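# Structure at a glance
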Amino acid sequence: MIGILALQGNYHAHIRVLDGLNISAMEIKYPDQLNSINGLIIPGGESTTINDLMARVGFHDEIKRFSKKKPILGTCAGLIMMSASIKNDSQITTLNILDIEVARNAYGRQTDSFIGEINIRINDQNLNAKAPFIRAPKILKIGDSVEVLSKHNSDIVAVKSGNHYGLTFHPELSGITFFHNYIFAKQNEAIKENNAA
Ligand code: GLN
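Summarised in this report is the structure supplied together with it. Everything numeric in this text was worked out from a predicted model, so none of it was measured. (Residues numbered from 1 in each chain as written. Predicted model: local features only at pLDDT ≥ 70, side-chain atom pairs only at ≥ 80, totals over all residues. Heavy atoms only, no water.)

Scanning the entire structure with this criterion turns up 8 aromatic pairs. Measuring from ring centre to ring centre gives 6.4 Å for Y165 and Y182, while their planes differ by 80 degrees; the resulting arrangement is edge-to-face. Of this pair, Y165 sits in strand β12 (residues 164–167) while Y182 sits in helix α5 (residues 178–196), and the two are 17 residues apart along the sequence. Y165 sits in the buried class, given a relative accessible area of 4%. By relative accessible area, Y182 is classed as partly exposed at 22%. Feature note: the residues Y107, F114, F133, Y165, F169, F178, F179 and Y182 constitute an aromatic cluster, connected by ring pairs. Positioned above the aromatic ring of Y107, the side-chain terminus of K138 is 4.7 Å from the ring centre. (Phe/Tyr/Trp six-rings, centres within 6.5 Å; stacked < 30°, edge-to-face > 60°. Helix = DSSP H or I, 4+ residues; strand = E, 2+ residues; numbered from the N terminus. Buried < 20%, exposed > 50% of the residue type's maximum accessible area, 1.4 Å probe, protein only. Lys NZ or Arg CZ within 6 Å of the ring centre and 35° of its normal.)

This is the structure in structure tokens:
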């Protein structure tokens, strides 16, 4: 079972992607639900709002604890939440799961949102995709633990660190199912095997 943090933002689209891959999914609204899942998606949305709603119920510490054992995929605002720091921002308490510094809304306003052609390299596989960037952040710095999986022009747009992944774009809005499948299908298999045993 994979969970999608369902406080604000477009979590439904991630559930649809997992459904399409036959990976069971549940909405996560309270920290104790983290005990029922084997992987977590932090969706896009508005990171200030997601941060406030997380703080109300004590999600920050619980997600950090979860990240020590299980994979997390963050897209856009989700990647902002997973970062180590945000340039010129003191409102948001980031989770420091990915050793990256980000800048919010780095491409400009909503009207500067765009679809970018990207190439993703992961485990000797290569994938071309059209990726929607919606008031997207930029990754300004990465630490030694962080691997770059994709760039758009000179901007880093997909990273991996251990079993965690951060994307500045929205795969769930353009039929890019690769990440969900790659990160979470194995977790799902483990659950099925456990249930069968
Ligand atoms: N601009 C949003 C933020 O800074 C992120 C946008 C998104 O998730 N698509 O939180």
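Having seen the model, we can carry on.
A word on the pairing of strand β8 (residues 125–133). When strand β7 (residues 114–122) meets β8, the two strands line up antiparallel, connected through 9 bridges. Following the sheet pairing, F114 is matched in β8 by F133. Between β7 and the antiparallel strand that follows it, β8, lie 2 residues; N123 among them carries a positive phi value of about 50 degrees. (Pairing = 2+ DSSP bridges.)

Strand order across the open sheet formed by 3 strands is β5-β6-β9, with mixed pairing between neighbours. Edge positions in the sheet fall to β5 (85–86) and β9 (138–142), since each of these pairs with one other strand and no more. Examined bridge by bridge, strand β6 (residues 100–103) and β9 share 4 bridges and lie antiparallel to one another. Paired with V102 across the strands is I139, a residue of β9.

Further remarks concern the environment of V157. Within the secondary structure layout, V157 lies in strand β11 (residues 155–161). Given the relative accessible area of 0%, V157 is considered buried. Discounting residues that sit within four places of it in the chain, V157 has contacts with Y107, I118, F133, S150, K151, H152, G166, L167, T168 and F169. (Contact = heavy atoms within 4.5 Å.)

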